[in-house]
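Here's the letter readout for the chains.
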Amino acid sequence: MKKFVNDPANFVPEMLEGVALANPDMLGYIPKFNIIHRSDRPVNNKVSVIQGSGSGHEPAHIMAVGPGMLDAAVPGNVFAAPPMDYCLECIRAMKSDAGVLVLINNYQGDRMNWDMACEMAEAEGINVKSFVIDDDVAVQDSSYTTGRRGVAGNFFVIKACGAAAERGASLDELLTLCDKVNSQVRSMGVALTSCTPPAKGSPIFDLGNDEMEVGVGIHGEPGRRRDKLKPSDAIMDEIFDAVAGDIPFKSGDKVALMINGLGGTPPSELYVLYRRAAQRCKDAGISVVRNYVGNYCTSLEMAGASLTMLRLDDQLEDLLAAPAEIATRVF
Amino acid sequence: MKKFVNDPANFVPEMLEGVALANPDMLGYIPKFNIIHRSDRPVNNKVSVIQGSGSGHEPAHIMAVGPGMLDAAVPGNVFAAPPMDYCLECIRAMKSDAGVLVLINNYQGDRMNWDMACEMAEAEGINVKSFVIDDDVAVQDSSYTTGRRGVAGNFFVIKACGAAAERGASLDELLTLCDKVNSQVRSMGVALTSCTPPAKGSPIFDLGNDEMEVGVGIHGEPGRRRDKLKPSDAIMDEIFDAVAGDIPFKSGDKVALMINGLGGTPPSELYVLYRRAAQRCKDAGISVVRNYVGNYCTSLEMAGASLTMLRLDDQLEDLLAAPAEIATRVF
Amino acid sequence: MSEITLSDVERTLKSMAATALRNEKYFSDLDAAAGDADFGVSLASGFRVIDNDWDELDKSSIGALLLKASMIITSNTGGCSGPIWGTAFMRAGALSREKGSLSLEEIDSMLAAAIEGIQKRGGAELGDKTLLDALAPVKDVVSSYVGKDGVPPGEILKEATAAANEAIEKTRDWVARRGRQSFTGDRSIGTPDPGIVAVATMLNDLCEEFGVGAE
Amino acid sequence: MSEITLSDVERTLKSMAATALRNEKYFSDLDAAAGDADFGVSLASGFRVIDNDWDELDKSSIGALLLKASMIITSNTGGCSGPIWGTAFMRAGALSREKGSLSLEEIDSMLAAAIEGIQKRGGAELGDKTLLDALAPVKDVVSSYVGKDGVPPGEILKEATAAANEAIEKTRDWVARRGRQSFTGDRSIGTPDPGIVAVATMLNDLCEEFGVGAE
Ligand SMILES: Nc1ncnc2c1ncn2[C@@H]1O[C@H](COP(=O)(O)OP(=O)(O)O)[C@@H](O)[C@H]1O
Ligand SMILES: Nc1ncnc2c1ncn2[C@@H]1O[C@H](COP(=O)(O)OP(=O)(O)O)[C@@H](O)[C@H]1O
Ligand SMILES: [Mg+2]
Ligand SMILES: [Mg+2]
Ligand SMILES: [Mg+2]
Ligand SMILES: [Mg+2]
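Residues numbered from 1 in each chain as written. Chains lettered and ligands numbered in written order. Predicted model: local features only at pLDDT ≥ 70, side-chain atom pairs only at ≥ 80, totals over all residues. Heavy atoms only, no water.

Caption draft 1: Spotlight on the interface of chain A and chain C. The partner chain C presents 35 residues to the 40 residues of chain A that form the contact. Buried area between chain A and chain C, summed over both chains or domains, comes out near 2900 Å², and the portion from carbon and sulfur atoms is 54%. In this assembly, chain A and chain C are joined by two salt bridges. Of the charged contacts, one joins Arg187(C) and Glu213(A) as a salt bridge, the two residues approaching to 2.5 Å between their closest N and O atoms. With seven residues, the single largest contributor to the side of chain A that touches chain C is helix 3 (residues 108-123) of chain A. Across the side of chain A that touches chain C, the residue classes tally to 17 nonpolar, twelve polar and eleven charged. (Contact = heavy atoms within 4.5 Å. Buried area = accessible area lost by both parts, 1.4 Å probe. Salt bridge = Lys/Arg side-chain N within 4 Å of Asp/Glu carboxyl O. Helix = DSSP H or I, 4+ residues; strand = E, 2+ residues; numbered from the N terminus. Nonpolar A, V, L, I, M, F, W, Y, C, P; charged D, E, K, R; others polar.)

Quick look at the structure:
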């Protein structure tokens, strides 16, 4: 296993300790429950926006904690939703009179643990609501009863809600906003390699030198289909057609366009992909008013990328442009 | 080759086109000479700060162009210094009455191309000076006559000079500042995997499953020594001792601490490394007043990381904290 | 059938924990085939605490012990497995609160309650290729002996184990419709469900523990 | 020795370009051993333009052609190779400005000027395991024939090629002190220097081009 890791059992806590040590002023850390939170939260007149999912998606979600983004994140083990107790403690720690909004990516494990935690929190009199994100067009076959996955589109829900919450939106308004973003955002990903969870010590799947996985999620699980590796433009064309064809996006639409790296793909390749996506948008009469190229929601060190498109109206455009501050320093 | 790439010969131009398409307002792009520049530069009362080196180090240096950072970057092919003409055109495009400062990482190819270009530019009456950065403690044996390499410490020279130039520092003042930063910054890196330049199509070197390269640079070249892979803390201890022992850093020092990913290592592992580095600083009485954890200067998709420590005084602390804006969107 | 005692339940729980710990890597590897390779780690994380804290666990009754196990699993296990296994133990514990021993009929009801709880919690149905498809045939074996006298518990355990083992092969070519593996669609065909394998492995180890089988 | 004509120089340059293009991948792979795997790509990038633009190149004199080649290489080749090869061609071109043919003595001076230029440009000395360690023995062969009459140029080329080939093996166990490979220190021991191999390969192909050797 080619990783910087001590005892794999301590991988997640050591990562979180690192994050806490790197942000002593901005972030609080509750080791017992893997909670990373804004040290100035909760405050009573603002809805707390929280998320918890498996680890291994960094910078999501722990590095998305900060003013204008999440108030807290509570990761589980690598690719495993956090235990119910962790979720409950996170809700408790972030409780506010204005309420707590839990953003859940649509995975059975996440949903079950959060559902239980929300029930318990409600029983304690905490005003908590949850919203389930499912933007992955790779999973749409109705025979798969858990429905679509939540992948990088999650980022836009966080950003929009984080900004709106900062401006004083109520819990109900935020739920309406979640619904709007989620209904307008679509994603699909491709993997060129697998990834290695530290506790497993070897790659989750094997992929031939000339193969790729089409329609991967962000948990290292294989995709919907294995295919021969193709030139970058052909790959982008395929996922662009799937993503843009889904709502569908139309000529005249304004969009936010994201090329999300899955962890092991360098920026150079992401920009080669972006180039094609931007050309395709232009050809389709879709106007890109905001773009994101980088690693936002990853599968450890998996080589691969996903395309996310969000249709914007004035409200969403404004919310995406709102200031935010997170614990990632780029300069 | 597990990469998003079309014709490998077009890899660098397509990446640059992607960067330009993603930043139509902020960045200008001169395709013929691989030049990415601030679209509002040059201005005559500010020194232009520029850099050009091989590609494959993204976000360095093309994504370091922006207010408070570089005015222009001119990358060559993957791991190859830009041809002399490209350098010369970049100097010409950024010429300013206040002068042009070229920041060169200490590699023979970079130095020769820039030396020739600077000579030609001077002959044309352009006020241009260059500074050579060499922060890599892995290369210190005096028998290697090219001296130390410039690696991630380069980032701090860019940031400090970018900020000072924005505040109106003269070319001479900037050279003095370069010297100060370069004399106070030290780095060393470790690779867990090799990387694959698109034009080569296969990894530069082979590394056993239980091996690592100690003392790698950022051009995919092997390191100084091959060793058995060790637990993360042991690896950090070794490079920390080498880096901190070099100036040496002492109890009472204030530093900026950077854990730089080499491309294929996810943030989770970088924070596991940061945790140990922060602990070591604490134990040594060194106070970390600013930290950087992420990919700043990479070798394509190489898995690995480097440690950079910069000793700060009030001036440097102030310059690092100055505002800057680059074409990387993190939220 | 003779009654199942608190001590039998203790041995059962300890044996299940041992199975989960011993197979941590194996179960994760199974989950790698179509899922996300965390099942073994998740399952072990709850059972490890049960194993470590064994001496301090409330053993005043069968129900007390099972409810404590449920709490430990729910608190320490992430992914799908925490809610699924935690709910199963909770439902079984709720039906055996003050009990020091259990009749076969009571065990049958506890299994039924566990299965119903899992279905409520995760929405899975039989045929979705989850551990329910191992638990249901196990319960069927138990049900078939309710009211029949003189059958040694070991025989029933043996037959239940055989049913679980069969479930592995029977479901292998099904499509997973729950948990992470469901996203890979048809690609789950041909690989056994890790949850089903875990149930079967635990039963096989239980046979060993109680000296049954090995014919 | 009979004179070397402009047409010979043209054939030489075209042959060198062909060698660089044909061996792009091979030279990069050689550079991977202790360097950064870009030598083949870099060398080819300049020679590719020479090859593509061949018909338009100024062939009014040997010097004009060599200076044009120098400019193309310098403009299009990155890394160490642009300045090194560009300088070599510039120096050789400067000594043959208006010439339509060259004596052996003139060729000897041009080689000397190229070597001196490379040393000035990159600071390397003999023994640093760079292409200088191939060029120097080649020049020594040429020098040794200066003033001697009647030796066919092919013989001299053959002997010079042998000297370059020997340089590969002779320097293999040296430590690289220039270019990217120098950073790996002792690890460059045992791998041939790609620049030396390139010089030797070009000379071998030249022998072929001029029908020399193949004894
Ligand atoms: N909704 C469900 N109901 C019952 N069992 C389930 C359900 N979802 C998953 N399982 C079982 O749990 C196992 C996977 O658990 P685990 O790996 O912890 O969860 P995840 O799929 O979220 O990674 C599956 O093999 C299956 O037997
Ligand atoms: N300073 C120098 N002087 C002469 N030749 C050099 C020098 N540096 C490198 N070389 C030659 O160039 C070759 C490497 O070129 P190239 O790969 O383009 O440059 P880089 O080492 O910067 O990647 C070496 O094999 C060597 O023969
Ligand atoms: Mg999971
Ligand atoms: Mg190079
Ligand atoms: Mg799983
Ligand atoms: Mg090289």
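Caption draft 2: Representation of the sheet that holds strand 8 (residues 211-214) of chain A within the structure. All names here are of chain A. Overall, mixed pairing links the six strands, which are arranged 9-8-7-12-10-11 in an open sheet. Edge positions in the sheet fall to strand 9 (225-228) and strand 11 (287-294), since each of these pairs with one other strand and no more. Pairwise comparison of adjacent strand axes, ignoring direction, gives a mean angle of 20° for this sheet. Looking at chain direction, strand 7 (residues 185-191) and strand 8 are connected through two bridges and run antiparallel. Bridging across to strand 8, Val 190 finds its partner in Val 214. (Pairing = 2+ DSSP bridges. Axes fitted to C-alpha atoms, helices over the stretch in contact; angles between N-to-C directions.)

Caption draft 3: Spatial organisation of the arrangement of the chains. Comparison of the three pairs of chains in contact shows the highest number of contacts for chains A and B. Regarding chain B and chain C, which are not in contact, the minimum distance between any of their C-alpha atoms is 17 Å. Separated throughout, chain A and chain D approach each other most closely at a C-alpha pair spaced 17 Å apart.

Caption draft 4: Fine view of the coordination of the magnesium ion (ligand 5). Residues and elements named next belong to chain C. Every protein donor of the magnesium ion (ligand 5) is accounted for by Asp 31 (OD), Asp 36 (OD) and Asp 38 (OD), and the metal-donor separations fall at 2.1 Å. Look at where the donors of the magnesium ion (ligand 5) fall in the sequence and you get D-x4-D-x1-D. A gap of 3.5 Å separates the magnesium ion (ligand 5) and the magnesium ion (ligand 3), which Asp 36 links by coordinating each metal. The exposure classification of Asp 31 matches that of Asp 38, with both residues buried. (Donors = N, O, S within 2.8 Å, 3.2 Å for Na, K, Ca; no water. Buried < 20%, exposed > 50% of the residue type's maximum accessible area, 1.4 Å probe, protein only.)

Caption draft 5: Spotlight on the site of ligand 1. Neighbouring ligand 1 are 20 residues; Asp36(C), Asp38(C), Ser81(C), Arg180(C) and Asp193(C) lie closest to it. In this structure ligand 1 sits where residues from chains A and C come together. A distance of 2.7 Å is found between an oxygen atom of ligand 1 and a side-chain nitrogen or oxygen belonging to Ser81(C). At 3.0 Å, a backbone N or O of Leu131(C) approaches an oxygen atom of ligand 1. Burial of ligand 1 by the surrounding chains reaches 99%, relative to a free accessible area of 560 Å². When residues of the shell around ligand 1 are traced back to their parent elements, those giving at least two are helix 5 (81-94), helix 6 (104-122) and helix 9 (194-209) of chain C. Here the residues of the shell around ligand 1 sort into seven nonpolar, seven polar and six charged. (Near = heavy atom within 4 Å. Polar contact = N/O pair within 3.5 Å; in protein donor to acceptor, adjacent residues only side chain to side chain. Areas by Shrake-Rupley, 256 points an atom, 1.4 Å probe, with all protein chains shown as cover.)

Caption draft 6: A look at the layout of surface pockets. Considered as a void within the structure, the second largest pocket measures approximately 1200 Å³ in volume. Along its surface, the second largest pocket is lined by 43 residues, and Lys2(A), Thr193(A), Ser194(A), Lys2(B) and Thr193(B) are the ones closest to its centre. A breakdown of the residues in the lining of the second largest pocket according to their chemical character gives 16 nonpolar, 17 polar and ten charged. (1 Å grid on protein atoms, 1.4 Å probe; cavity = no way out; pocket = protein on both sides within 12 Å on 5 of 7 lines; lining within 4 Å. Points joined across faces, edges and corners; volume = space filled by probe spheres on them.)

Caption draft 7: View of the pattern of salt bridges. Residues and elements named next belong to chain A. Enumeration over the complete set of coordinates arrives at 91 salt bridges over all chains. Lys 46 serves as the salt-bridge partner of Asp 71, at 2.6 Å between the closest nitrogen and oxygen. Of this pair, Asp 71 sits in the loop between strand 3 (48-51) and strand 4 (72-73) while Lys 46 is found in the loop between strand 2 (35-38) and strand 3, placing the two residues 25 residues apart along the sequence. With respect to burial, Asp 71 and Lys 46 carry one shared label: buried. Salt bridges sharing partners connect three or more residues here, namely Arg 38, Asp 40, Arg 41, Lys 46, Asp 71 and Glu 166.

Caption draft 8: Quick look at helix 1 (residues 6-22) of chain C. The end-to-end C-alpha distance of helix 1 of chain C, which contains 17 residues, comes to 24 Å, matching closely the 24 Å that a straight helix rising 1.5 Å per residue would cover. Leu6(C), Asp8(C), Val9(C), Leu13(C), Ser15(C), Met16(C), Ala17(C), Thr19(C) and Ala20(C) are the residues of helix 1 of chain C that are buried. (Expected span 1.5 Å × (residues − 1).)

Caption draft 9: Layout of the coordination of the magnesium ion (ligand 3). Donor atoms from the polypeptide that bind the magnesium ion (ligand 3) are Phe79(A) (O), Asp36(C) (OD) and Asp38(C) (OD), placed at 2.1 to 2.4 Å. Relative accessible area serves as the criterion here: at 0%, Phe79(A) is assigned to the buried category.

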